[in-house]
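Chain and residue survey
Each chain is listed here by its residues.
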Amino acid sequence: MFVILVAGSLLPVSCSRGESTLVSPSGEYLAFLTIERCREGYGVWVVNVTGHQDDVLLAEMMPDHPASLMAYLAWDAEDRLWWYGSDDGSVLFWERSGTGWTRCAYSPADSGGPVPPDSLFAAGNRTRSER
């Protein structure tokens, strides 16, 4: 079994829908991580966002992020979902755009752009998946 720590809550990655989810500040969206096997045969993270009616809004496989490495999620106040891959330092976010979600790369140099929430990098947000 794999476990992750998302915004201060320990979550089993193998959780079924409706359990151990991260609720957005507006209460409209639920986020969680799952693991899928890639073509090469190892597990990779999948970022999932659903609405409260269990409608799948986002299910994005992260092929460059093996599930054996650390990954963290957090919502910001604008209902953007943030990702931090601590082993490679990647920071990404997804924001609602029309009827879908758009993945964006975070750049600290973009002074006018969104800033990740502090909870994404919190000292207690550090759990490696069990292997």
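Further up the page is the structure itself.
Position labels on residues start from 1 in each chain and follow its written sequence. pLDDT decides what is reported in this predicted model: residues at 70 or higher carry local features, side-chain atom pairs at 80 or more are listed and counted, and totals for whole chains, interfaces and linings draw on all residues regardless. Processing note: side-chain calculations cover all non-hydrogen atoms of the structure and skip hydrogens and water entirely.

Attention now moves to the side chain of Asp79. Along the chain, the position of Asp79 falls in the loop between strand 7 (72-75) and strand 8 (81-85). Buried Asp79, no salt bridge; nearest opposite-charge side chain is Arg96, N-O distance 8.8 Å. Think of a polar contact as two N or O atoms within 3.5 Å of one another; within protein, one of them needs to be a possible hydrogen donor and the other a possible acceptor, and neighboring residues in sequence only count if both atoms come from side chains. In this structure the side chain of Asp79 is engaged in a polar contact, spanning 2.3 Å, whose partner is the side chain of Ser26. We call two residues in contact whenever any of their non-hydrogen atoms come within 4.5 Å of each other. Those residues in contact with Asp79 that lie beyond four places of it in its chain are Ser24, Pro25, Ser26, Tyr29 and Trp101. Only runs of H or I of at least four residues qualify as helices and only runs of E of at least two qualify as strands under DSSP, and these elements are numbered from the N terminus. The classification of residues rests on relative accessible area computed with a 1.4 Å probe and restricted to protein chains. Under 20% of the type maximum is buried, over 50% is exposed, and intermediate values are partly exposed. Only four residue types enter the tally: Lys and Arg on the positive side, Asp and Glu on the negative side, with His and both chain ends excluded. Salt bridge, as used here, is a side-chain nitrogen of Lys or Arg placed within 4 Å of a carboxyl oxygen of Asp or Glu.

Moving on to the sheet that holds strand 10 (residues 100-105). Think of it this way: DSSP has to see at least two bridges between two strands before they count as a pair. The four strands are arranged 7-8-9-10 in an open sheet whose pairing can be described as antiparallel. Either end of the sheet is taken by a strand with one partner, and the two such strands are strand 7 and strand 10. In this sheet, neighbouring strand axes are inclined to one another by 25° on average, regardless of whether the strands run parallel or antiparallel. Of the pairings in the sheet, the one linking strand 7 to strand 8 comprises four bridges and is antiparallel in character. Note on strand 8: the bridge partner recorded for Ala74 is Trp82. Axes here refer to lines fitted to C-alpha atoms; in helices the fit is confined to the stretch in contact. Angles between the N-to-C directions go from 0 to 180 degrees.

With that settled, the discussion passes to the nonpolar core. Only buried Ala, Val, Leu, Ile, Met, Phe, Trp, Tyr and Cys residues count toward a nonpolar core, and they belong to the same one when joined by side-chain atoms within 4.5 Å. Ranked by size, the top nonpolar core spans 18 residues in total, and within it Val47, Val49, Trp75, Trp83 and Trp94 carry the most contacts. If you list the elements that add at least two residues to this core, you get strand 4 (29-37), strand 5 (43-51), strand 6 (56-66), strand 7, strand 8 and strand 9 (90-97). Setting aside residues up to four positions removed in sequence, Trp94 forms contacts with Val47, Leu58, Glu60, Met62, Arg80, Leu81, Trp83, Trp101, Thr102 and Arg103. Membership of the second largest hydrophobic core comes to nine residues, among which are Tyr72, Tyr84, Val91 and Cys104.

In terms of burial, strand 5 is a largely internal element, nine of the nine residues being buried. Of the strand pairs in this sheet, strand 4 and strand 5 are connected by nine bridges, and their pairing is antiparallel. Within the sheet, the bridge partner assigned to Leu30 lies in strand 5 and is Thr50. Linking strand 4 back to strand 5 in an antiparallel pair, the connection comprises five residues, with Gly41 at a positive phi of about 100°.

It is worth spelling out the pattern of salt bridges at this point. Throughout the structure, instances matching the rule amount to three salt bridges. For Glu60, the salt bridge identified is with Arg103, shortest N-O distance 2.8 Å. Of the two residues, Glu60 is situated in strand 6 and Arg103 in strand 10; the sequence distance between them amounts to 43 residues. Residue Glu95 is joined to Arg80 by a salt bridge in which the shortest nitrogen-to-oxygen separation is 3.9 Å. In this pair, Glu95 is assigned in strand 9 and Arg80 in the loop between strand 7 and strand 8, connecting sequence segments 15 residues apart. Given the relative accessible area of 27%, Glu95 is considered partly exposed. Judged by its relative accessible area of 17%, Arg80 falls in the buried class.

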